[in-house]
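# Architecture and fold: a report
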Amino acid sequence: MTTPGIDPRLVSGLASQFASLSEQMRRVSGDLGVLQSQLTVPRTEQPSSASQPVVQYPPQGVSYAYPGSPQQMRPQAPMHPQAPMHPQASMHSQTPVHPQTLVRPQVSTQPRTPVTSPVSPRPPAPKAEPWWQRDGVISRVLAVAGAGVTLVGVVMLLVLAAQAGWFGPELRVVAGGAFSLALLYAGSRIYRKSGGRVGGIATAATGIAGLYLDVVAVTVIYEWLEPAIGLVAAFGIAAAGVGLAVSWRSQPMAVLILAGVAVCGPVVTGGITLSLIAFFTATFIASFAAQLDRDWPYLAAVRTLPVVVATLVGIAQAVSLDMVGTDALPLLIVSAIVAAFGIGSSVELLRRNAADVMASVMAGVSAVPVLAVGTLFEPWTVTLVEGVVAMACVVVIAMVSWLPALARTILTIVGSLALLQAVLVPTTTELRPLALLVVSAVLLAAAHRGTSKPAYYSALAFGLFGALGYLVVSPPAAMMDSRYATDEFGIVLAGVLLAVVSTGLVLVGIHLKIVEKNAQACSVVAGLASLYALASATVALGVAAIGGTTGFVAGHCAATIEAMAIAMALLAFGLRSEKYAHTALLAGLSLTAVSVAKLFLFDLVALDGLFRVGAFIVVGLLLLFAGTRYAKVFADRAAS
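Model, not experiment: these values are computed from the prediction. (Residues numbered from 1 in each chain as written. Predicted model: local features only at pLDDT ≥ 70, side-chain atom pairs only at ≥ 80, totals over all residues. Heavy atoms only, no water.)

In this section: the overall build of the protein chain. Across its full length, the protein chain carries 22 helices and two strands. Of all 640 residues assigned to the protein chain, the portion counted as buried reaches 38%. Carbon and sulfur atoms provide 68% of the accessible area of the protein chain, an area that totals close to 36200 Å². (Helix = DSSP H or I, 4+ residues; strand = E, 2+ residues; numbered from the N terminus. Buried < 20%, exposed > 50% of the residue type's maximum accessible area, 1.4 Å probe, protein only. Areas by Shrake-Rupley, 256 points an atom, 1.4 Å probe, with all protein chains shown as cover.)

If you want it as structure tokens, here you go:
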């Protein structure tokens, strides 16, 4: 009986496809067997091509059992062919189907010869190329050297020829200018040629610097130009030269121009003079535009350092020549211009690029002359000038929000130094600690209000200077002997303010998370400083109010009672505050011990009469009150 709908040719085609798949699987099985045998060889041994195992594949139609597979582990019953579903299907079978048996590939077991795999030698590391063989180094060095030598020749033409009387002044000036213009023209032509960038830049920079020095010589040596006209001409030449460097996108060109002028300028003017400082100031201002929207840090240094160094040298020369007052006014004006333009230009550069470190540094460098020029003027003039500088720094820090941390720190240092001079110069020795501590207190309040760490560090510096000054005007000897006791009310105020500042530094430092980890140690130091300041201030107040030995004894009696009262206040605060209970208790008990020790070791000997009696009675009553209060508090806590 036949099954309708089944094509015999389809069955035959499927049978042949299964036979082909069986043949492919047989070959894959043989390759896997060879791969397994190769993997069992150690890594240091590789079988040679002559000793590789020969695999004998099983005949077609016989399945292969992998080593360790379930088919190999257990015997299988022979499989019998099933009867075809269609009678005509048997007519296409050409070979009889026999029972299948499990056959493993026959691998020849010839001895393997271990072969060590060859290790290729590591290629040698490339040698570091000497700096003189790098691309363009020699050409740059030669170009810079040529520019320097040529510029020296121009200076010799302008100066040495004039000293030796060679040629006439007109010929020297015209020759120097014409030669500089020829260098500038030649540099522009060389720059346009292939490979002429380095030579063109160096040649043109030499020509521009020569023109600048020619104008300086005409103004200073020959005096053919008024100083104002000469400064304007030099400003224009410097601006044009730096503008050409910008158009050629070459920072080295701008640096070469300014460096050549800075090195050769003092030779032309015969040293550091006011005229040279004025010309350097013009160059400093004219070259600023080249830095806008460009990261040219070397130009910032070359344009700032010459005028700053020249001004400082001029201030030193003025001090050595006793040039004070109106004679030193030009130096004050130049210093103020350099500081104002330097800080202002740095702020603008930082607005465009907050990561410009050189701009932040040059802001501080440009302010150095105005901090040093005060030595040439009267104290109150110094106070006015330095106060304006300090106020300007405060305004910049407060108003300019984009200033980076480095610039803020530098301006804080500049403002602090200016304020330090403004405070110290006009005050007497006895009042200097008070002035320093007043500044410290103001800065501390600003740091707390504005959450400013730079202001806190400035307050800390002024506080330290104030504490050292207080030790000078009120040494420990003034506490021990009435002959050395001071009677200045300024010292009294300074002592009270020192105690306030010491306590405030710890509290604000904790608020700003600066002394959070060392709060206890800082509290101990601040407590000792406050204790000494209050005790010495109280003794000074007694001497100033009563006078003589009586005032000294009264001051010590009041100091002992004052220390005991503070100790009681700390103990009472510890009872009310759970957070600071341990610290307040420790401080209160320590101060109590110090007060009692002073009472028996010093007051018992140094005090006499009613002062000694009053000190003992008051201290005893305070101790009784403290003991009673503590007993009541603990009893109430136990009852509740």
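The subject of this paragraph is the environment of Ala569. In this structure, Ala569 sits in helix H20 (residues 548–576). With 57 residues separating them in the primary sequence, Ala569 and Ala626 have C-alpha atoms 9.5 Å apart.

A few words now on the packing of aromatic side chains. According to the stated counting rule, one finds seven aromatic pairs in the structure shown. Ring geometry for Tyr212 and Phe279: centres 6.4 Å apart, planes at 75 degrees, overall edge-to-face. With Tyr212 in helix H5 (residues 197–221) and Phe279 in helix H8 (residues 274–286), this pair connects stretches of sequence that are 67 residues apart. Summarising the burial analysis for this pair, Tyr212 and Phe279 share the class buried. An aromatic cluster of three or more residues is present, and its members are Phe284, Phe288 and Phe341. (Phe/Tyr/Trp six-rings, centres within 6.5 Å; stacked < 30°, edge-to-face > 60°.)

Attention shifts here to the packing of H20 against helix H22 (residues 610–639). Packing of H20 against H22 leaves a shortest axis separation of 10 Å and a crossing angle of 5 degrees. Considering their axes alone, H20 and H22 lie roughly parallel with respect to each other. Touching Thr550, Val553, Ala554, Cys557, Thr560, Ile561, Met564, Ala565, Met568, Leu571 and Leu575 of H20 are Phe611, Gly614, Ala615, Val618, Val619, Leu622, Leu623, Ala626, Arg629, Tyr630, Val633 and Arg637, all from H22. Split into classes, the residues belonging to the contact of H20 with H22 amount to 18 nonpolar, three polar and two charged. (Axes fitted to C-alpha atoms, helices over the stretch in contact; angles between N-to-C directions. Parallel < 35°, antiparallel > 145°, perpendicular 65-115°, else oblique. Contact = heavy atoms within 4.5 Å. Nonpolar A, V, L, I, M, F, W, Y, C, P; charged D, E, K, R; others polar.)

Below, the discussion takes up the environment of Arg192. In this fold, Arg192 is placed in helix H4 (residues 169–192). From its side chain, Arg192 meets the backbone oxygen of Ser188 in a polar contact 3.3 Å long. (Polar contact = N/O pair within 3.5 Å; in protein donor to acceptor, adjacent residues only side chain to side chain.)

Look at helix H13 (residues 379–399): 30 Å from first C-alpha to last across 21 residues, which is about the 30 Å you get at 1.5 Å a residue. Buried residues of H13: Val382, Thr383, Val385, Glu386, Val389, Ala390, Cys393 and Val396, and no others. Residues of H13 that are buried sit in contact with helix H10 (329–352), helix H12 (368–372) and helix H14 (405–424). (Expected span 1.5 Å × (residues − 1).)

What follows concerns unusual backbone geometry. Glycine aside, a negative phi is what most residues show, and trans is what most peptide bonds show. Of note in this structure, Arg249 is not a glycine but carries a positive phi near 55 degrees. By the secondary structure assignment, Arg249 is in the loop between helix H6 (227–247) and helix H7 (251–269). You will see that Asp322, though not glycine, has its phi angle at about 55 degrees, which is positive. Its place among the elements puts Asp322 in the loop between helix H9 (297–320) and H10.

A few words on the side chain of Ser250. Inspection of the secondary structure puts Ser250 in the loop between H6 and H7. Non-local contacts of Ser250, meaning those with residues more than four positions away in its chain, are made with Arg197, Ile201, Ala245 and Trp296.

What follows concerns the pattern of salt bridges. All told, the structure shown has five salt bridges when counted by the stated rule. For Arg26, the salt bridge goes to Glu23, with nearest N and O atoms at 2.2 Å. With Arg26 and Glu23 both in helix H1 (residues 8–39) and three residues apart, the pair spans about one turn of that helix. Accessibility expressed as a relative area gives 13% for Arg26, which makes it buried. Members of the salt-bridge network, linked through shared partners, are Asp293, Glu348, Arg351 and Arg352. (Salt bridge = Lys/Arg side-chain N within 4 Å of Asp/Glu carboxyl O.)

Relative orientation of the contacting elements helix H15 (residues 432–450) and helix H18 (residues 489–511) amounts to 25 degrees, with a least axis distance of 9 Å. Taken as axis vectors, H15 and H18 run roughly parallel relative to one another. Crossing angle aside, the handedness with which H15 passes H18 is left-handed. Across from Pro433, Leu434, Leu437, Val438, Ser440, Ala441, Leu444 and His448 in H15, the residues of H18 making contact are Gly490, Leu493, Ala494, Leu497, Leu498, Val501, Gly504, Leu505, Val508 and His511. Taken together, the residues of the contact of H15 with H18 break down into 13 nonpolar, five polar and no charged. (Left-handed = near helix turned anticlockwise from the far one by under 90°.)

The next point concerns the nonpolar core. Judged by nonpolar contacts, the single largest core of 77 residues is most densely connected at Tyr212, Met253, Leu331, Val373, Leu376, Phe377 and Leu403. Element by element, the count of residues in this core is highest for H5, at 12 residues. Beyond its immediate chain neighbours, meaning those up to four positions away, Leu331 contacts Leu274, Ile277, Gly314, Ile315, Ala318, Val373 and Leu376. (Core = buried A, V, L, I, M, F, W, Y, C linked by side-chain atoms within 4.5 Å.)

Assignment of secondary structure puts Pro169 in helix H4. Sequence spacing of Pro169 and Val218 is 49 residues, and the spatial spacing of their C-alpha atoms is 9.3 Å.

Right, let's talk about the confidence of the model for the protein chain for a bit. Across the protein chain, the average pLDDT comes to 80, with 80% of residues at or above 70. Here residues 43–55 is modelled with pLDDT under 50, and outside its nearest four sequence neighbours on either side it reaches 23 contacts, counting other chains as well. Taken as a whole, residues 57–110 scores under 50 in pLDDT and shows 62 contacts with residues more than four places along the chain or in a different chain. (pLDDT = per-residue confidence, 0-100.)

Attention now moves to a nonpolar patch on the surface. Together, Leu10, Leu14, Phe18 and Leu21 give the surface a local cluster of nonpolar side chains, amounting to about 440 Å² of exposed area. When you line up the elements, Phe18 lands in helix H1. On the basis of relative accessibility, which here comes to 59%, the residue Phe18 falls in the exposed class. (Patch = residues over 30% accessible without salt bridge, like charges linked within 9 Å, V, L, I, M, F, W, Y side chains within 5 Å.)

With that settled, the discussion passes to the side chain of Ser335. Following the sequence through the fold, Ser335 ends up in helix H10. Apart from residues no more than four positions distant in its own chain, Ser335 is found in contact with Thr311, Ile315, Pro369, Val370 and Val373.

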